[in-house]
Amino acid sequence: MKKIKLDIVGLSYSQTQSGAYALVLGEIGGNRRLPIIIGGFEAQAIAVEIEKMQPSRPLTHDLFKTFANSFQINIQEVLIYNLVDGIFFAKLICSNGEKTIELDSRTSDAVALAVRFGAPVYTYDFIMDAAGIIIESNDFAFLENIENLPPKENTLRKEPVQEDEPKSPYAHLSDEQLEASLQKAIDAEQYETAAKIRDEIERRKA
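The present account deals with the structure reproduced in this document. Computed from a predicted structure; not experimentally measured.

Criteria and thresholds
Residues numbered from 1 in each chain as written. Predicted model: local features only at pLDDT ≥ 70, side-chain atom pairs only at ≥ 80, totals over all residues. Heavy atoms only, no water. Buried < 20%, exposed > 50% of the residue type's maximum accessible area, 1.4 Å probe, protein only. Helix = DSSP H or I, 4+ residues; strand = E, 2+ residues; numbered from the N terminus. Phe/Tyr/Trp six-rings, centres within 6.5 Å; stacked < 30°, edge-to-face > 60°. Lys NZ or Arg CZ within 6 Å of the ring centre and 35° of its normal. Arc of directions from axis to C-beta. Contact = heavy atoms within 4.5 Å. Pairing = 2+ DSSP bridges.

**Observations regarding helix 3 (residues 107-117)**
For step 1, the next point in the chain: With 10 of its 11 residues buried, helix 3 lies for the most part within the structure.
For step 2, the next point in the chain: Taken residue by residue, helix 3 has T107, S108, D109, A110, V111, A112, L113, A114, R116 and F117 as its buried positions.

**Some words on the packing of aromatic side chains**
What describes a pair of aromatic rings is the distance from one ring centre to the other and the angle between the planes of the rings.
For step 1, the next point in the chain: What the rule picks out here adds up to three aromatic pairs.
For step 2, the next point in the chain: Aromatic pair Y81 and F89: ring centres 6.4 Å apart, planes at 50°, arrangement tilted.
For step 3, the next point in the chain: Judged by relative accessible area, F89 falls into the partly exposed class, the value being 33%.
For step 4, the next point in the chain: Here the aromatic rings of Y124 and F126 are separated by 6.2 Å at their centres, their planes lie at 20°, and the arrangement is stacked.
For step 5, the next point in the chain: The positively charged end of K3 is found above the aromatic ring belonging to Y122, 4.6 Å away from the centroid.
For step 6, the next point in the chain: K91 extends its terminal NZ or CZ atom over the ring of Y81, reaching a point 5.0 Å from the ring centre.

**Here's the deal with helix 2 (residues 60-70)**
For step 1, the next point in the chain: Those residues of helix 2 that fall on the buried side of the exposure criterion are H61, D62 and A68. Along the long axis of helix 2, the arc covered by the buried residues comes to 125°, so they all point the same way. Across from the buried face of helix 2, at angles greater than 90 degrees, the exposed residues are T60, L63 and F67.
For step 2, the next point in the chain: Looking at the buried side of helix 2, the elements it contacts are helix 1 (40-50) and helix 3.

**Points about the sheet that holds strand 5 (residues 87-95)**
Consider a sheet: its strands pair through backbone hydrogen bonds, and that pairing is either parallel or antiparallel.
For step 1, the next point in the chain: Spatial ordering of the open sheet is given by 6-5-4-7-1-2-3-8, a layout of eight strands whose pairing is mixed. Both edges of this open sheet fall to strand 6 (100-105) and strand 8 (133-134), since each of them pairs with a single strand only.
For step 2, the next point in the chain: Note: strand 4 (residues 74-84) against strand 7 (residues 121-124), three bridges, orientation parallel. Residue pairing for strand 7: V78 is matched across the bridge by V121.

Following this line, the structure appears as structure tokens:
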């Protein structure tokens, strides 16, 4: 089976389903995208590392990395190796320099660890054929409309199409107030709030 290298395209927050996120992985050198529904905690763990936020205390995935580093264990790669009834299966390929082992993992946890270890993420071509979505336009438009795309092999939950996108609750804040609110949310370990504030900051920059 052919392995396909993936990169993180982004995280899309569901406005209609509380706590649900779509982790979007993109094919390197291709136009297929693999959307995977994940929980809020796992989405926060990925976003915190991507955005280089500094939590006041280590998150679970940070603790795992510290533990692994203490025993000279490194994650060499993450492999999303199967898709059954809409559920993705992943494993961590780990090594201590002498021995290599494979550990089963939820895909969301595996990706959260991959970004911390700088490990590549792969999947097989049959998974991309079954659950991948071909994107003709740019990634940003895809992320904005991901909730309205039809499910593919149950990788996306069907949700009602939203006619009017709700305005961000942080839209009225100034840039300085947004930065202050972001830091306050991080200090209070309110990472979901921090991610939403970061989205508003990035929207203004765009």
